[in-house]
Amino acid sequence: MSNKKILIVEDDADVRLGLHVRLKANHYDVFFAVDALSSLAEARKHEPDLILLDLGLPAGDGFVVMDRLKAVPALAIIPIIVVSGRSGAANRDRALKAGAKAFLEKPVDNAELLAVIRQALGETVKRERPLVHDLGTL
Amino acid sequence: MRNRALKVLLVEDNAGDARLLREMFITERPGSIELTHLMRMSDALAHLAKGGVDIVLLDMGLPDGHGLDTVRRARAVAPDVPLIVLTGLDDEALAAEAMKEGAQDYLIKGQIENRALPRALRHAIERHRMQAETDHIRMSQLQFKDEFLSHVSHELRSPLTAIYQFVTIIQDGLAGEVNQEQQQHLEVVLRNVKQLQAMINDLLEVASVQASKLLIRLERTSIVDAITYTVDTLQGAARDKGITLTAETGGALPDIWVDATRIRQILIILVDNALKFTPTNGTVKVQARRWEQDPSFLVIEVADSGCGISADKTELIFERLFQVADPALAARKGLGLGLYICKELVSRQGGKIWASSVPGEGATFSITLPVFSLSRLMAPAFVGHKYSESQITLVSTEVGSRMGWLSEKVRADCSNWMRDVLQRCLNSKLDVLLPDMGSSGATELFVVAAVTDEIGGEAITKRIREKLHGSHEIVQADLTFSTCYWTLPPVQRNADESMESFVEKVAAKIQESIDERSSSRMVKI
């Protein structure tokens, strides 16, 4: 069975890389978008099974991205998990109301992140595997 | 220099004193002073409320107002108008008190020099203006600081995230094998990441406290549960330090009316603090009981056998950014925000917090929290309402799962949005949304609205059903619901009965009816 595809929308390069390594090690294929504009194009191109979305982005924040995804029927069904440095009940409520499956505050505990991803994808646990050689591919 | 006339309001019931004061303005340039003289406090307040007064000269002994009360009332109506109190020779202490209440100055009758009065007025106005300006600057600085704090905290989270991600990547062996010594070093990094994370969270919390954005959701909750949760959570940390951590909640304690999450947060901060300042082999004890001073509160104490707090610090420690001076004790503990956050959280739930200590023998932190009372919750609905002729209808809505049980998280989410839905179906002036009245078993939520309106029950039930049928939360979580209503026999109010005792009687009936129904439901199941 082929790996599930996850699109990471995150403007911080280091955080992006960290997510990449962790998710690769957990058998996911990972794609990236660095701002609101490119996220829609990347989503169309790769048709991911899940999107990890930061809220603070250049050129329109995560809420804008969610609105745009919702407007495209083929993309509207992709589950979204918000991973943000913003906190507070207001942001959480707004994100969940906009259709996010979950709202996680940075830094997210690895186990929690993976559990939420699995839940959103309807998966069971797989073993994490080392992926030293992948670090250079970004 | 001002050109228009200075508008002075003189509030003085003694005609002789008033005339003497009036004469003192005669030497002033014509048109520079416009004096209004009133004899009664009620007239003065009405005049102040209209605005346009530059300064008030207030006698503290009026037919309808006396002492500091006059100052408070005047300040309440016109906080921006400077005020000078007039007192007798033997009242200087009272005058000093008046200054604390916000008076700009005081003048002793019979000792006022002719030329000094207008000058005193102008100085008072100038001082008041400068004070207001300083306050304004302070407020905008505070606001700027909060925005800054909030912004910085958010920005700190990204680099911290990257550090956490890569430390755990190495630690988990995703980048090759790690030997034991390296593993220990990584533990240190990780521990510090967590400490930084806690500090950033504290900063954000303080920023929202300052901006009054802190959300408090009052509900009926058990203090014993909160204490048990806290002790369980921190038992590991206590064991690591060789400290005995115990809880004592003797006797049946009533439920409290607070935000359950916030209470846990407060207790965690207090117990965590106690553990920090208690040496190995020490003890930390959490106790709860009815408060002797006011039985409508519980008092919860966190007592440690640590170094204690010197008497002059027991209030200071609740100030923002307070840090213990002794570096040996403080080590690297955080930002000094924990107790400040506690104080804000406790006071916003109607309680108090204080510390007492015998240095060298330990410290005790006490908080008080309001006991849940159905009658207190219902009282507002009875104000100004001719209840005696109408009936009370109770509407209950139960939410359950097709699976037969609700997870803790679904229960919490569910009860939050259910309360929102119900609130929107009620008449806020007449109806009361009761807290989860419990005792219907672990499988369902049981929310009741007391309706003090004759025809309300059916209409409200219909409204709730419609709202819930269209609710996608219900569908998404695969929940079931049912709503029904029943009417209580009217409760008679005796002619000489106080509203308070009457509301208590009604509350008791409501409680009785709910208990009856939930126990019969339990039997059915």
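Just so we're clear, the structure is a prediction, and the values are computed from it rather than from any experiment. (Residues numbered from 1 in each chain as written. Chains lettered and ligands numbered in written order. Predicted model: local features only at pLDDT ≥ 70, side-chain atom pairs only at ≥ 80, totals over all residues. Heavy atoms only, no water.)

A.B. asks: Can you help me understand the overall build of chain A in this one?
C.D. replies: Looking only at helices and strands, chain A features six helices and five strands. Sequence-distant contacts, at least 24 apart, represent 64% of the contacts inside chain A between residues at least 6 apart. Total accessible area on chain A is roughly 6,400 Å²; 53% of this is exposed by carbon and sulfur atoms. (Helix = DSSP H or I, 4+ residues; strand = E, 2+ residues; numbered from the N terminus. Contact = heavy atoms within 4.5 Å. Areas by Shrake-Rupley, 256 points an atom, 1.4 Å probe, with all protein chains shown as cover.)

A.B. asks: I keep staring at the overall build of chain B and nothing clicks. Help me out?
C.D. replies: When helices and strands are tallied, chain B shows 15 helices and 18 strands. Within chain B, buried positions represent 42% of all 525 residues. When contacts within chain B are restricted to residue pairs at least 6 apart in sequence, those whose partners lie at least 24 apart make up 73%. Accessible surface computed for chain B: about 28,000 Å², of which carbon and sulfur atoms make up 53%. (Buried < 20%, exposed > 50% of the residue type's maximum accessible area, 1.4 Å probe, protein only.)

A.B. asks: When you look at the interface of chain A and chain B in this model, what are you seeing that I'm missing?
C.D. replies: Think of interface size as the accessible area that goes away when the parts come together; that is how it is often given. Of the residues lining the interface, 24 residues belong to chain A; the matching set on chain B comes to 19 residues. Taking both partners together, chain A and chain B bury about 1,800 Å²; carbon and sulfur atoms supply 57% of that area. Here B:Arg157 ties to A:Glu105 by a salt bridge, and the two come within 3.3 Å at their closest N and O atoms. The interface formed by chain A and chain B holds nine residue pairs in polar contact (both at pLDDT 80 or more) in total. A breakdown of the residues in the side of chain A that touches chain B according to their chemical character gives 11 nonpolar, four polar and nine charged. (Buried area = accessible area lost by both parts, 1.4 Å probe. Salt bridge = Lys/Arg side-chain N within 4 Å of Asp/Glu carboxyl O. Polar contact = N/O pair within 3.5 Å; in protein donor to acceptor, adjacent residues only side chain to side chain. Nonpolar A, V, L, I, M, F, W, Y, C, P; charged D, E, K, R; others polar.)

A.B. asks: Looking at this structure, I do not really get the pattern of salt bridges. What am I missing?
C.D. replies: Side chains carrying opposite charge are able to pair once their charged atoms draw close together. All names here are of chain B. Considering all chains together, one arrives at 21 salt bridges over all chains under this definition. Lys109 is the salt-bridge partner of Glu12, the closest N and O atoms lying 3.0 Å from each other. Residue Glu12 is found in the loop between strand 1 (6-11) and helix 1 (15-24), and its partner Lys109 is found in the loop between strand 7 (105-108) and helix 5 (116-171); the two are separated by 97 residues along the sequence. With relative accessibility at 0%, the residue Glu12 sits in the buried group. Residue Glu301 pairs with Arg289 through a salt bridge whose shortest N-O separation is 3.1 Å. You can see Glu301 sitting in strand 12 (residues 297-304) and its partner Arg289 sitting in strand 11 (residues 283-290), a full 12 residues away along the chain. We classify Glu301 as buried; its relative accessible area is 16%.

A.B. asks: I keep staring at helix 8 (residues 260-276) of chain B and nothing clicks. Help me out?
C.D. replies: Helical geometry: 3.6 residues make up each α-helical turn, so side chains three or four residues apart lie on a common side. Residue and element names in this part refer to chain B. Taking 1.5 Å of rise per residue, the 17 residues of helix 8 would be expected to cover 24 Å, and the 24 Å separating its terminal C-alpha atoms lies within 8% of that figure. Turning to helix 8, its buried residues number three or more, namely Ala260, Arg262, Ile263, Ile266, Leu267, Ile269, Leu270, Val271, Asn273, Ala274 and Leu275. N-capping of helix 8 is provided by Asp259, with a side-chain oxygen placed 3.1 Å from the backbone N of Thr261. (Expected span 1.5 Å × (residues − 1).)

A.B. asks: What is the right way to look at the packing of helix 2 (residues 41-50) of chain B against helix 3 (residues 68-77) of chain B in this model?
C.D. replies: The axes of two packed helices give the description: the angle between them and the distance between them. Residues and elements named next belong to chain B. Here helix 2 crosses helix 3 at 20°, and the two axes come no closer than 9 Å. Compared by their axis directions, helix 2 and helix 3 come out roughly parallel. For the crossing formed where helix 2 meets helix 3, the hand is right-handed. Of the residues in helix 3, those touching helix 2 at Met41, Leu45, Leu48 and Ala49 are Thr70, Arg73, Ala74 and Val77. Residue composition of the contact of helix 2 with helix 3, by class: six nonpolar, one polar and one charged. (Axes fitted to C-alpha atoms, helices over the stretch in contact; angles between N-to-C directions. Parallel < 35°, antiparallel > 145°, perpendicular 65-115°, else oblique. Left-handed = near helix turned anticlockwise from the far one by under 90°.)

A.B. asks: Just checking my understanding: could you explain the side chain of A:Asp35 for this structure?
C.D. replies: All names here are of chain A. Residue placement: Asp35 occurs in the loop between strand 2 (28-33) and helix 2 (36-46). One buried charged residue, Asp35, remains without a salt bridge, the closest side chain of opposite sign being Arg68 at 7.9 Å. Within the structure, Asp35 has its side chain in polar contact with the backbone nitrogen of Leu37 (distance 3.1 Å). A distance of 2.8 Å separates a polar side-chain atom of Asp35 from the backbone nitrogen of Ser38. Discounting residues that sit within four places of it in the chain, Asp35 has contacts with Val9 and Pro58. (Lys, Arg positive; Asp, Glu negative; His and termini not counted.)

A.B. asks: Please clarify how the sheet that holds strand 1 of chain B should be interpreted in this entry.
C.D. replies: Two pairing modes exist for strands in a sheet, parallel and antiparallel, and in both the strands are linked by backbone hydrogen bonds. Residue and element names in this part refer to chain B. Spatial ordering of the open sheet is given by 2-1-3-6-7, a layout of five strands whose pairing is parallel. Two strands in the sheet have a free side with no partner beyond their single neighbour: strand 2 (33-38) and strand 7. Neighbour-to-neighbour, the strand axes of the sheet open up by a mean angle of 20°, direction not taken into account. Across four bridges, the pairing between strand 6 (residues 83-87) and strand 7 is parallel. (Pairing = 2+ DSSP bridges.)

A.B. asks: Looking at this structure, how should I read the environment of B:Met24?
C.D. replies: Residue and element names in this part refer to chain B. Position of Met24 among the secondary structure elements: in helix 1. In this structure Met24 comes out as buried when scored by relative accessible area, which is 8%. When the C-alpha atoms of Met24 and Glu113 are compared, they prove to be 8.1 Å apart, with 89 residues separating the residues in sequence.

A.B. asks: Any chance you could explain the sheet that holds strand 1 (residues 4-9) of chain A here in plain terms?
C.D. replies: Residues and elements named next belong to chain A. Across the sheet, which stays open at both edges, the five strands sit in the order 2-1-3-4-5 with parallel pairing between neighbours. Of all strands in the sheet, those with a lone pairing partner are strand 2 and strand 5 (102-105), marking the two edges. Strand after strand, the sheet turns through a mean of 20° between neighbouring axes, direction not considered. As paired elements, strand 4 (residues 80-84) and strand 5 share four bridges and run parallel to each other. The partner of Val83 across the bridge, within strand 5, is Leu104.

A.B. asks: Sorry, what's going on with the confidence of the model for chain A here?
C.D. replies: Do not read the predicted coordinates in detail wherever pLDDT is low. For chain A, per-residue confidence averages 86 on the pLDDT scale, and 88% of positions sit at 70 or higher. Under a pLDDT of 50 for its full length, residues 132-138 of chain A has, in the predicted model, 11 contacts with residues more than four places off or in other chains. (pLDDT = per-residue confidence, 0-100.)

A.B. asks: Explain the packing of aromatic side chains to me, please; I cannot follow it from the model alone.
C.D. replies: By convention here, two paired aromatic rings are described through the distance between centres and the angle between planes. Scanning the model with the defined rule gives four aromatic pairs over all chains in all. Both rings, one in B:Trp291 and one in B:Phe297, keep their centres 6.1 Å apart while their planes meet at 85°; by these two values the pair is edge-to-face. Note on accessibility: B:Trp291 and B:Phe297 belong to one class, buried. Three or more aromatic residues joined by ring pairs form one cluster here, namely B:Trp291, B:Phe297 and B:Trp354. Sitting above the plane of the A:Phe63 ring, A:Arg94 keeps its charged end 3.6 Å from the centroid. (Phe/Tyr/Trp six-rings, centres within 6.5 Å; stacked < 30°, edge-to-face > 60°. Lys NZ or Arg CZ within 6 Å of the ring centre and 35° of its normal.)

A.B. asks: What is the right way to look at the environment of A:Leu121 in this model?
C.D. replies: Residues and elements named next belong to chain A. With respect to the secondary-structure elements, Leu121 resides in helix 6 (residues 110-121). For the pair formed by Leu121 and Lys4, sequence separation is 117 residues and the distance between their alpha carbons is 8.5 Å. Non-local contacts of Leu121, meaning those with residues more than four positions away in its chain, are made with Lys4, Tyr28, Asp49 and Leu50.

A.B. asks: Can you walk me through the environment of A:Lys101 in this structure?
C.D. replies: Residue and element names in this part refer to chain A. Tracing the chain through its elements places Lys101 in the loop between helix 5 (89-97) and strand 5. Sequence separation of Lys101 and Ala120 is 19 residues, and the distance between their C-alpha atoms is 7.0 Å. In this view, Lys101 contacts Pro79, Ile80 and Leu96; residues no more than four positions away in its chain are not counted.

A.B. asks: In this structure, what is going on with the nonpolar core? I would like to understand it.
C.D. replies: The tendency in soluble globular proteins is for nonpolar side chains to be buried side by side. Residues and elements named next belong to chain B. By size, the foremost hydrophobic cluster in this structure holds 48 residues, and its most contacted members are Ile223, Leu270, Ile300, Phe365 and Ile367. Ranked by residue count, the leading element in this core is helix 8, at eight residues. Once residues lying within four places of it in the same chain are set aside, the contact partners of Ile223 are Leu253, Ile256, Ile263, Ala288, Leu298, Ile300 and Leu369. (Core = buried A, V, L, I, M, F, W, Y, C linked by side-chain atoms within 4.5 Å.)

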